Amino acid sequence: INAEYMGGNPVCAAAGLAVLEIIEQEKLQQHAKEVGEYLKSKLWELSKKHTLIGDVRGSGLFVGVEFVRDRDTKEPAKAETSAICTRMKEEHKILTSIDGLDNVFVFKPPMCFNKDNVDQLCTALDHCISTLGEINLNVGHTPT
């Protein structure tokens with residue numbers, strides 16, 4: 001495909017400029033920064049309660065939560081991550097993806113995601129981790 005085919009199209013250029021205008025007018029970058037920082041702070045709070053959370057990282061609304069069996073060795077908690085991901089979807093209707101060594105939740109919510117949504121997400125995650133119990137450590141990868 002020719003990369004210049006769509007790039008020089010005036011309709012595509014106008015659409016791109018309109019999107020950039022909306023992002024600026026509605027201060028969506030600032031919103032993503034503020035809500036993302038709030039999300040990371042709430043996830044760090046959860047990490048104090050749940051040692052399964054080994055790290056929280058990201059920028060804006062693109063945030064990852066790394067699950068580990070041991071914070072010192074950083075052994076990936078693959079089966080636990082898979083089980084939590086499945087329960088988040090089935091019990092709370094929250095979709096996430098798994099990345100890294102199959103032990104990192106990746107949150108990529110839409111720009112309209114707000115602090116109330118963060119609270120709902122963290123409540124659901126807290127519930128899933130708190131009630132995880134014994135799981136089969138030989139489960140395969142959860143398709144996301």
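In this text the structure is predicted, and so the values were computed from the model without any measurement. (Residues numbered from 1 in each chain as written. Predicted model: local features only at pLDDT ≥ 70, side-chain atom pairs only at ≥ 80, totals over all residues. Heavy atoms only, no water.)

S.K.: An account of the overall build of the protein chain is requested, with residue identities and associated values reported.
M.R.: Looking only at helices and strands, the protein chain features five helices and five strands. Reading the protein chain from its N end, one meets helices and strands in the order α-α-α-β-β-β-α-β-β-α. Here the protein chain holds 144 residues, and the buried ones make up 35% of them. Once local pairs closer than 6 in sequence are excluded, the contacts in the protein chain between residues at least 24 apart make up 61%. As displayed, the protein chain offers around 9000 Å² of accessible surface, 55% of which is attributable to carbon and sulfur atoms. (Helix = DSSP H or I, 4+ residues; strand = E, 2+ residues; numbered from the N terminus. Buried < 20%, exposed > 50% of the residue type's maximum accessible area, 1.4 Å probe, protein only. Contact = heavy atoms within 4.5 Å. Areas by Shrake-Rupley, 256 points an atom, 1.4 Å probe, with all protein chains shown as cover.)

S.K.: Provide a residue-level description of the pairing of strand 5 (residues 104-107), including the pertinent values.
M.R.: Neither face of strand 5 is open: one carries V104 and V106, the other F105 and F107, and all of them are buried. Where strand 2 (residues 62-70) meets strand 5, four bridges bridge the pair, whose relative direction is antiparallel. Bridged to V63 within strand 5 is F107. Bridge analysis of strand 4 (residues 97-99) against strand 5 gives three bridges, and the strand direction is antiparallel. (Pairing = 2+ DSSP bridges.)

S.K.: Quick one: what's the story with the nonpolar core, residue by residue and with numbers?
M.R.: Ranked by internal contacts, the top residues of the largest apolar core, which has 30 residues, are L43, F67, I84, M88, F105 and L125. Those elements that provide at least two residues to this core are helix 3 (28-49), strand 1 (53-59), strand 2, helix 4 (78-92), strand 5 and helix 5 (115-130). The element contributing the most residues to this core is helix 5, with seven residues. Here F105 is in contact with V63, G64, V65, F67, T81, I84, C85, M88, T96, S97, I98 and L125, once residues within four sequence places are set aside. (Core = buried A, V, L, I, M, F, W, Y, C linked by side-chain atoms within 4.5 Å.)

S.K.: So what's going on with helix 5? Residues and values would help.
M.R.: Here helix 5 spans 22 Å end to end across 16 residues, near enough to the 22 Å set by a 1.5 Å rise per residue. Where helix 5 is concerned, the buried positions are V118, L121, C122, A124, L125, D126, C128 and I129. Capping of helix 5 at its N-terminal end is provided by N114; its side-chain oxygen lies 3.0 Å from the backbone amide nitrogen of D116. (Expected span 1.5 Å × (residues − 1). Polar contact = N/O pair within 3.5 Å; in protein donor to acceptor, adjacent residues only side chain to side chain.)

S.K.: Would you mind going over unusual backbone geometry in detail, with residue names and values included?
M.R.: Even without a glycine there, the phi angle at K27 is positive, about 50 degrees. Given a relative accessible area of 57%, K27 falls into the exposed group. Of note in this structure, D102 is not a glycine but carries a positive phi near 60 degrees. Here D102 lies in the loop between strand 4 and strand 5. A relative accessible area of 29% places D102 in the partly exposed class.

S.K.: Give a description of the packing of aromatic side chains that names residues and reports values.
M.R.: How two aromatic rings sit relative to each other is set out by the distance from centre to centre and by the angle between their planes. Per the stated rule, a full pass over the model turns up two aromatic pairs. Considering the side-chain rings of F67 and F105, the 5.1 Å spacing of their centres and the 85 degrees angle between planes classify their relative orientation as edge-to-face. Within this pair, whereas F67 is found in strand 2, its partner F105 is found in strand 5, the two being separated by 38 residues in sequence. The exposure class assigned to F105 is buried, which follows from its relative accessible area of 0%. Plain terms: the ring middles of F105 and F107 are 5.9 Å apart, the flat faces sit at 90 degrees to each other, and that makes the pair edge-to-face. The exposure class of F107 is buried, given its relative accessible area of 5%. Three or more aromatic residues joined by ring pairs make a cluster, and in this case those are F67, F105 and F107. Between the NZ or CZ atom of K115 and the centre of the ring of Y38, over which it lies, the distance is 5.4 Å. (Phe/Tyr/Trp six-rings, centres within 6.5 Å; stacked < 30°, edge-to-face > 60°. Lys NZ or Arg CZ within 6 Å of the ring centre and 35° of its normal.)

S.K.: Could you give an account of the state of the cysteines, naming the residues involved and the relevant values?
M.R.: This structure, assessed with the given rule, holds zero disulfides. Between C85, a cysteine without a disulfide, and C128, which holds the nearest cysteine sulfur, the sulfur-to-sulfur distance is 9.8 Å. (Disulfide = S-S within 2.5 Å.)

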